[in-house]
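Spelled out from the first residue to the last, the chains are:
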Amino acid sequence: MKIGIIGLGDIAKKAYLPVLSEKAGLELVLCTRNEDTLNQLSRKYRIQEKVNTVDELVSNNIDAAFISTATEAHFEIAEKLLKSGIHVYIDKPISLHFQETERIEQLAKETGKIAMVGFNRRFIPRVKELKEHGKASLIIMQKNRFSSPDYPRRFIVEDFIHVVDTLRFLMDTPVKDVKVEFLKDGKMLNQLVIQLIGDGCIAIGFMNRNGGVTEEIIEYSTGQHKYVVNSLVETTHFHDKEISISKFGDWEPTLYKRGFNQITDHFMDCVKNDRIPEPSIQDSLITHEICERIVKFIDSKL
């Protein structure tokens, strides 16, 4: 199977290239306009085929592509690849603009090709296993960053979208209502709190982008049990006065702990066997739509 990797920035260097370069049976093609980066990574991973443009990549007869460019370029690249009959894996978000996201979903349907969004938290072992403990009545997720407020659309659609999608995944029931509270400083958004309300479940998402620490914490409450996942890699189970902690072994690789091995395997398996991925592009569209509702609510208040 021939796979293109488009955009060789931090996430591609840290996650996709290390994972994909180790897989047997794949022929990789690197694509970026940055010649220094292209040559450096080509040598490092012993990848012979390299191109500068998406048009050249299409001419290489690839089967699928990982789009890991700046968000602003996602739509144009995904549109071109899908129209060329190529399956696409797109780093979240599909686009900063919901109309473009809708277009990619529609184009995937029209072409019969896979378009999958890189919501890796659904594949993180410590997150995924929470659902094995039963349906939660209350879920709380915090994803905070040290001193980095941003404009509302970028804050929500580029970063907070992980919170929305993870909460939806863990709720395991349709979202019936969305409630939003926020704090801003001028045009910059500092803090955001949402409630996603479904049948028998309330999910609360926090993001403080002007705080004192970068952290990610999930609390999952079911019956008389509470599970707290810290930094996506450690789970503490509370039951009355009993407390137990689950950790990974010392030799478990970081990219496995963070779900990148699993999500890339899943995408490749879906391409190979013509299967609909989970999340499907239709499911991911719901996450983008909720983010758009949050952006519009904040804009209306500003």
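Above this text is the structure in question.
Treat the numbers as computed from the prediction; the structure is a model and nothing was measured. Every chain's residues receive numbers from 1 upward, in the order its sequence appears when written. Thresholds applied to this predicted model are a pLDDT of at least 70 for local features of residues and 80 or more for the giving and counting of side-chain atom pairs; totals over whole chains, interfaces and linings are not thresholded and use all residues. The basis for the side-chain values is all heavy atoms of the structure; hydrogens and waters are excluded.

**Considering the packing of helix H7 (residues 152–171) against helix H10 (residues 281–301)**
No. 1: Fitting a line to C-alpha atoms yields each axis, with helices limited to the stretch in contact; the angle taken between N-to-C directions then spans 0 to 180 degrees. In this text, helices come from DSSP runs of H or I with a minimum length of four residues, and strands from runs of E with a minimum of two, each type numbered from the N-terminal end. Contact pair H7 / H10: the axes reach a minimum separation of 9 Å and the direction vectors enclose 135 degrees. It follows from the interaxial angle that H7 and H10 lie oblique. Of the two elements, H7 crosses H10, and the hand of that crossing is right-handed. Every residue of H10 that contacts H7 at Pro152, Arg153, Ile156, Val157, Phe160, Ile161, Val164, Asp165 and Arg168 is listed here: Asp283, Ile286, Thr287, His288, Ile290, Cys291, Glu292, Ile294, Val295, Ile298 and Asp299.
No. 2: Residues are sorted three ways: Asp, Glu, Lys and Arg are charged, Ala, Val, Leu, Ile, Met, Phe, Trp, Tyr, Cys and Pro are nonpolar, and all the rest, Gly among them, are polar. Looking at the contact of H7 with H10, its residues break down into 12 nonpolar, two polar and six charged. The cut-offs work like this: below 35 degrees is roughly parallel, past 145 is roughly antiparallel, 65 to 115 is roughly perpendicular, and the gaps in between are oblique. Less than a right angle of anticlockwise turn of the near helix away from the far helix marks a crossing as left-handed, whereas a clockwise turn marks it as right-handed. Residues count as neighbours in contact if any of their non-hydrogen atoms are within 4.5 Å of one another.

**Observations concerning a nonpolar patch on the surface**
No. 1: Together, Phe238, Ile243 and Ile245 line one region of the surface with nonpolar side chains, adding up to about 280 Å² of accessible area.
No. 2: Note that isoleucine 245 resides in strand E14 (residues 242–246). Only residues whose relative accessible area exceeds 30% and that take part in no salt bridge are eligible for patches, with like-charged residues grouped when within 9 Å of each other and nonpolar side chains (Val, Leu, Ile, Met, Phe, Trp, Tyr) grouped when within 5 Å. For the area figures, the Shrake-Rupley method with a 1.4 Å probe applies, and any residue is considered shielded solely by the protein chains shown. We count a salt bridge whenever a side-chain nitrogen from Lys or Arg sits within 4 Å of a carboxyl oxygen from Asp or Glu.

**Overview of the packing of aromatic side chains**
No. 1: Any two rings among Phe, Tyr and Trp, with Trp reduced to its six-membered ring, count as a pair given centres within 6.5 Å; such a pair is stacked if its planes are under 30 degrees apart, edge-to-face if over 60, and tilted if neither. Scanning all chains against the criterion turns up eight aromatic pairs.
No. 2: Judged by centre distance (5.4 Å) and plane angle (75 degrees), the ring pair of tyrosine 16 and tyrosine 89 falls under edge-to-face. In this pair, tyrosine 16 sits in helix H1 (residues 10–20) while tyrosine 89 sits in strand E5 (residues 87–90), placing the two residues 73 residues apart along the sequence. Each member of the pair, tyrosine 16 as well as tyrosine 89, is classed as buried.
No. 3: Look at phenylalanine 182 and phenylalanine 297: their rings are 6.5 Å apart centre to centre, the planes differ by 90 degrees, and that puts the pair in the edge-to-face class. Of this pair, phenylalanine 182 sits in strand E8 (residues 177–185) while phenylalanine 297 is found in helix H10, placing the two residues 115 residues apart along the sequence.
No. 4: Here arginine 209 stacks its cationic end above the ring of phenylalanine 155, 5.3 Å away from the centre of that ring. Each residue's exposure class comes from its accessible area (1.4 Å probe, protein chains only) as a fraction of the maximum for that residue type: buried when under 20%, exposed when over 50%, partly exposed otherwise. In our convention, an over-ring charge means Lys NZ or Arg CZ found within 6 Å of a ring centre and within 35 degrees of that ring's normal.

**Let's talk about the sheet that holds strand E12 (residues 225–230)**
No. 1: Two strands pair under a simple rule: DSSP has to find at least two bridges between them. An order of E8-E9-E10-E7-E11-E12-E13-E14 is seen for the eight strands of this open sheet, with the pairing classed as mixed. Two strands close off the open sheet at either side, each with one partner strand: E8 and E14. On average, each strand axis in the sheet is inclined to that of its neighbour by 10 degrees, with strand direction left out of account.
No. 2: Strand direction decides the pairing type here: strand E11 (residues 215–222) and E12, joined by six bridges, are antiparallel. Its bridge partner lying in E12, isoleucine 217 is registered against asparagine 230.
No. 3: Packed on one face of the sheet, H7 meets strand E7 (138–144), strand E9 (188–198), strand E10 (201–208) and E11 and runs near 25 degrees to E9.
No. 4: On top of the sheet, H10 reaches E8 and E9; it is set at about 50 degrees to E8, its chief contact.

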